[in-house]
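# Structural features, examined
Residue-level listing of the chains:
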Amino acid sequence: MSDKDNALDVAVRQLDMVAEQINLDTAIHKRLRSPARCYIVACPVRMDDGSVEVFTGYRVHHNTSRGPAKGGIRYHPDVTLDETTALSMWMTWKCAVVDIPYGGAKGGVACNPKQMSRGELQHLTRRYTSELVNVFGPRTDIPAPDVYTNPQIMAWIMDTYSMSIGYAEPGVVTGKPIPVGGSLGRFGATSRGCAYAIYSLLEKLNRRVDDETVAIQGFGNVGYNAAEILHDDGGKVIAVSDSKAGVYNPKGLDPRLLAKYKAETGSVQGYPDGESITNEELLEIDCSILIPAALENVITSRNADRIKAEIIAEGANGPTSPDADEILYDRGKYHLPDVLANAGGVTVSYFEWVQGLERYFWTEEEVNSKLKGIMDRAFENVWHIYQTEKVNMRMASYMVAVKRVAEAMLLRGLYPQ
Ligand code: GLU
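To keep things clear, this report deals only with the structure shown in the data block. Remember, it's a predicted structure, so these values are computed and weren't measured experimentally.

A separate point is the packing of aromatic side chains. Under the defined criterion, the tally for this structure stands at 11 aromatic pairs. Where Trp383 meets Tyr386, the ring centres are 5.1 Å apart and the plane angle is 45 degrees; that geometry is what we call tilted. Linking Trp383 with Tyr386, this pair stays in helix α13 (residues 364–389), spanning three residues, or about one helical turn. In terms of burial, Trp383 and Tyr386 fall into one category: buried. By the ring-pair criterion, three or more aromatic residues cluster together here, those being Tyr102, Tyr350, Phe351, Trp353 and Trp362. Here Lys372 stacks its cationic end above the ring of Tyr196, 5.8 Å away from the centre of that ring.

Attention now goes to the packing of helix α1 (residues 7–22) against helix α14 (residues 393–412). Between α1 and α14, the shortest axis-to-axis distance is 10 Å and the interhelical angle comes to 75 degrees. Put simply, α1 runs roughly perpendicular to α14. For the pair α1 and α14, the contacting residues are Gln14, Leu15, Met17, Val18, Gln21 and Ile22 in the first and Arg394, Met395, Tyr398, Met399, Val402 and Lys403 in the second. Its residues assigned to classes, the contact of α1 with α14 comprises eight nonpolar, two polar and two charged.

With that settled, the discussion passes to the pattern of salt bridges. One pass over the full model with this rule turns up 24 salt bridges. Ionic pairing is found between Lys262 and Asp242, a salt bridge with its closest N-O pair at 3.2 Å. Taken as a pair, Lys262 in helix α8 (residues 255–265) and Asp242 in the loop between β7 (236–241) and β8 (246–248) lie far apart in primary sequence, 20 residues in all. We classify Lys262 as partly exposed; its relative accessible area is 23%. Glu264 is paired through a salt bridge with Lys260; the nearest N and O atoms lie 3.9 Å apart. Linking Glu264 with Lys260, this pair stays in helix α8, spanning four residues, or about one helical turn. Note on Glu264: relative accessible area 59%, which makes it exposed. Under the relative-accessibility criterion, Lys260 is labelled exposed at 54%.

Cut-offs and rules
- Residues numbered from 1 in each chain as written.
- Predicted model: local features only at pLDDT ≥ 70, side-chain atom pairs only at ≥ 80, totals over all residues.
- Heavy atoms only, no water.
- Phe/Tyr/Trp six-rings, centres within 6.5 Å; stacked < 30°, edge-to-face > 60°.
- Helix = DSSP H or I, 4+ residues; strand = E, 2+ residues; numbered from the N terminus.
- Buried < 20%, exposed > 50% of the residue type's maximum accessible area, 1.4 Å probe, protein only.
- Lys NZ or Arg CZ within 6 Å of the ring centre and 35° of its normal.
- Axes fitted to C-alpha atoms, helices over the stretch in contact; angles between N-to-C directions.
- Parallel < 35°, antiparallel > 145°, perpendicular 65-115°, else oblique.
- Contact = heavy atoms within 4.5 Å.
- Nonpolar A, V, L, I, M, F, W, Y, C, P; charged D, E, K, R; others polar.
- Salt bridge = Lys/Arg side-chain N within 4 Å of Asp/Glu carboxyl O.

Laid out in structure tokens, this is it:
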């Protein structure tokens, strides 16, 4: 297994490893290695200059044994069927680790949203949704935001679907704005869940957030909100980066001022109250907690032995290669894997879906305290396996998750025989 493997090779290899570890039923293992179904759709869009571009969109359902297919939609130039499939598999495990009643899915469109106007993004979103209008549904497949998609895009998905069925259906998509059935607390939920996982770990280690220094790669939804929450809770955020550049200040950065600067200039690059660093340097900064909250495969065998943080909490999906996993484990790092550390997002998506189906909405305090309950329980389940089985926390999380999925599959049996 090398760092060059694509995300799908990594996801399948991880499944193979856990299958061996838990002695997984061979037929279940075989079934879990492939996605249940993949959709590929062409999305023609009239661009602002009058020309027509055709974007390729994907939606993959990995497994729906525990409930409807659930997972975000990503807009990024590097989106492929393989990447979407890997991400859908990770969603299956993520929903199972936190024990919410969903299967795993992911969607994506290969496009560069940074170079598209709001109108072009709306047309693309509506066409992608209408191509998949018979796939999406509150009982079948519920999309959500992911890399470079946001609540506005979810509102367009909700509207396109609702127009097609003839009534407003908030349950078809999560991560929506509040006025169209979004949940309080959903916007920062991935980061809040990540913070809860970090706090559970700190408690086990008899440490306090006030004594921690934090570096965060990525200053989008997950990175920004993580910076704000950890800063407000007393942690010192000393380094942050976005896709262009990073900024470092050992005395601590104020995430809100940094966000204001980014909103004005388009990047954290050149922020006056800190030293300029690269994304690679950020990962190797001398800090106690590192949160990779951008894209896949950034911690690999090339830099894993230079990571100084004692705690790594994966805000992004798949930021660590399997080789790097081993190196970090051997170096005694505490490594909270994506399927646990960023599961707060899908957990509050679940709350949003439940509220939407019932047309009855909760307070932000209720949302956050239920999220804490789910994250704490998931952390304890994983920590127990980590301690007793002497495996890394990714393997421990997978052991919890794959067993749950396998149990559901065995109970439901194989259709039609
Ligand atoms: N895209 C997020 C994730 O990877 C959220 C998915 C969801 O809420 O369905 O977990």
